[in-house]
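The primary structure of each chain is shown beneath.
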Amino acid sequence: MRIGELSARTGASRRSLRYYEEQGLLVSSRSSSGQRHYEEEHVQRVRLVQAFLAAGISSGTIAEMAPCMSEPTEDRARQALDIMGRERARLSEAIDGLAAARAALDHLIEDNHAYLARSADDDR
């Protein structure tokens, strides 16, 4: 498939797809006229890259994990496992922080509802 179809199927802009290639996150073949061509598995690869980027994993870190995903060797697998473990711990910490912030908001919402209910009762 060409870059436009990959863009349409993943929601990634053509510019983003070119950037992913520049960073070594995605590899395309080229036609004789220089047009990029992608395979079906590239759809999942782009979605994975998008998920990692949305989670705050840098393109550089993803690139460090990418060789293990596409061309695994024992050394690459060990190195990638180290990186993946570090990123997983970072994500877990961020999730815990978000859950704590949500719980604090829930408490404030309850307090606000209670205050408004008391105010309505006082006005009667």
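It should be noted that the structure appears before, not after, this text.
Residues numbered from 1 in each chain as written. Predicted model: local features only at pLDDT ≥ 70, side-chain atom pairs only at ≥ 80, totals over all residues. Heavy atoms only, no water.

Description of the environment of A100
With respect to the helices and strands, A100 occurs in helix α5 (residues 74–122). Using a relative accessible area of 47% as the deciding quantity, one classes A100 as partly exposed. In this structure the C-alpha to C-alpha distance between A100 and M1, which are 99 residues apart in sequence, comes to 44 Å. (Helix = DSSP H or I, 4+ residues; strand = E, 2+ residues; numbered from the N terminus. Buried < 20%, exposed > 50% of the residue type's maximum accessible area, 1.4 Å probe, protein only.)

As for the environment of S31
Along the polypeptide, S31 turns up in the loop between β1 (29–30) and β2 (36–37). Judged by relative accessible area, which is 22%, S31 ranks as partly exposed. C-alpha separation for the pair S31 and R2, spaced 29 residues apart in sequence, amounts to 10.0 Å.

Focus: helix α1 (residues 3–10)
Taken as a whole, α1 has its buried residues at I3, L6, S7 and T10. Axial view of α1: buried residues confined to an arc of 100°, hence all on one face. Considering only its buried residues, α1 is in contact with α2 (14–22), β2 and α3 (41–54). Positive phi appears at G11, one or two residues downstream of α1, with a value of about 80°. (Arc of directions from axis to C-beta. Contact = heavy atoms within 4.5 Å.)

Some points on the nonpolar core
Counting 15 residues, the largest nonpolar core has L6, L17, Y20, L26, V46 and I62 as the members making the most contacts within it. Elements supplying a minimum of two residues to this core: α1, α2, α3 and α4 (59–70). Other than its neighbours up to four places away in sequence, V46 contacts L6, T10, A12, L17, Y20 and L26. (Core = buried A, V, L, I, M, F, W, Y, C linked by side-chain atoms within 4.5 Å.)

Overview of the packing of α1 against α3
The description of two helices packed together rests on the angle between their axes and the distance between the axes. Axis separation between α1 and α3 bottoms out at 10 Å; the angle between their running directions is 55°. One way to sum up the angle between α1 and α3 is to call them oblique. For the pair α1 and α3, the sense of crossing is right-handed. Packed against α1, whose contacting residues are L6, R9 and T10, the element α3 presents H42, V43, V46, R47 and Q50 at the interface. (Axes fitted to C-alpha atoms, helices over the stretch in contact; angles between N-to-C directions. Parallel < 35°, antiparallel > 145°, perpendicular 65-115°, else oblique. Left-handed = near helix turned anticlockwise from the far one by under 90°.)

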